[in-house]
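Chain by chain, the residues:
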Amino acid sequence: MQLDKIDFRLLDLVQRDNRLCSEQLGGKVGLSASGVQRRLKRLRSTGVIEADVSIISPKSIGRNVTAVVLISLERARADTVDRLKRQITKMPEVMSAFYVTGLADLVLLVTVNDMEHYERFARRLTDESSDIKRIETMVVMDRFKAGFTLPIASIAWR
């Protein structure tokens with residue numbers, strides 16, 4: 001799908017604040033409210049906009065521990081990776097998951113209530129997959145930036 005300058009501007013604005021109304025967005029990009037709504041509908045239906053979400057503080061809901069988890073597999077065969085992807089997708093503790101190159105095969109961003117909760121999570125992960133060779137866990141000490149904004153302002157507003 002081809003995106004034009006107005007699409008990029010809308011994307012830049014809504015990724016920073018998806019509560020802006022169509023009139024506000026239109027005023028910033030030079031479109032009518034209905035023009036904004038049509039474009040946003042198209043951007044959503046084509047998958048350019050994947051979701052409209054609120055970012056919630058993990059600590060506010062009792063998720064006091066965040067961890068970056070590196071998983072190395074015995075053999076990273078396609079069927080093994082696909083099975084593990086399906087398993088991980090169903091785990092509510094996993095906020096984000098990536099199949100990567102490098103020393104690890106998968107990287108997970110995990111949030112749990114406490115270390116006992118993390119231990120149960122890790123045991124469940126290894127009990128359900130004999131293909132895992134190694135799990136390395138890095139506990140986050142301080143989250144100082146969180147979000148999903150992409151750096152598109154330079155494209156949108158030049």
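One numbering rule holds for all chains: residues counted from 1, following each sequence as written. Per-residue local features of the predicted model are confined to residues with pLDDT of at least 70, and side-chain atom pairs are confined, for both listing and counting, to 80 or more; whole-chain, interface and lining totals are unaffected and use all residues. As a convention, hydrogens and water are excluded, and side-chain values are obtained from all of the structure's heavy atoms.

- Under an unreviewed UniProt entry, the protein has the name Lrp/AsnC family transcriptional regulator and belongs to Bradyrhizobium agreste.

1. Concerning the sheet that holds strand β1 (residues 65–73)
Item 1. Spatially, β2-β3-β1-β4 is the arrangement adopted by the four strands of the open sheet, whose pairing is antiparallel. Either end of the sheet is taken by a strand with one partner, and the two such strands are β2 (94–99) and β4 (132–139). Across this sheet, the average inter-strand angle for adjacent strands is 20 degrees, counted without regard to direction.
Item 2. As defined by bridge partners, β1 adjoins strand β3 (residues 106–112) across seven bridges and the pair is classed as antiparallel. In the strand pairing of β3, Ala-67 is matched with Val-110.
Item 3. Against the sheet, helix α4 (residues 78–89) engages β1, β2, β3 and β4, with an angle of about 160 degrees to β1.
Item 4. Contacts are assigned to residue pairs that have any heavy atoms within 4.5 Å of one another. Whenever a helix is involved, its axis is fitted only over the stretch in contact; in every case the axis is a line through C-alpha atoms, and angles between N-to-C directions fall within 0 to 180 degrees. Only DSSP runs of H or I reaching four residues or more are called helices, and only runs of E reaching two or more are called strands; each is numbered from the N terminus. Seen against the sheet, helix α5 (residues 115–127) touches β1, β2, β3 and β4 and runs at an angle of roughly 160 degrees to β4. Strands were regarded as paired on the criterion that DSSP finds at least two bridges between them.

2. Concerning the pairing of β1
Across a regular strand the side chains alternate sides, sitting on one face of the sheet and then on the other.
Item 1. In this scheme, a residue with accessible area under 20% of its type's maximum is buried, one over 50% is exposed, and one in between is partly exposed, where area comes from a 1.4 Å probe on protein chains only. Counting buried positions over the nine residues of β1 gives seven, a clear majority of the element.
Item 2. Bridging between β1 and β4 involves seven bridges; their strand directions are antiparallel. Bridging across to β4, Leu-70 finds its partner in Glu-136.

3. Some details on the packing of helix α2 (residues 22–29) against helix α3 (residues 33–45)
Item 1. Orientation of α2 relative to α3, taken along the N-to-C sense of each, is 95 degrees, at an axis distance of 8 Å. In terms of orientation, α2 and α3 fall into the roughly perpendicular class. Only Ala-33, Val-36, Gln-37 and Leu-40 of α3 make contact with α2, whose side of the interface consists of Ser-22, Glu-23, Leu-25, Gly-26 and Val-29.
Item 2. Gly counts as polar in this scheme, as do all residues outside two lists: the nonpolar Ala, Val, Leu, Ile, Met, Phe, Trp, Tyr, Cys and Pro, and the charged Asp, Glu, Lys and Arg. The residue inventory of the contact of α2 with α3, partitioned by class, reads five nonpolar, three polar and one charged. Convention used here: angles under 35 degrees read as roughly parallel, angles over 145 as roughly antiparallel, angles from 65 to 115 as roughly perpendicular, and any remaining angle as oblique.

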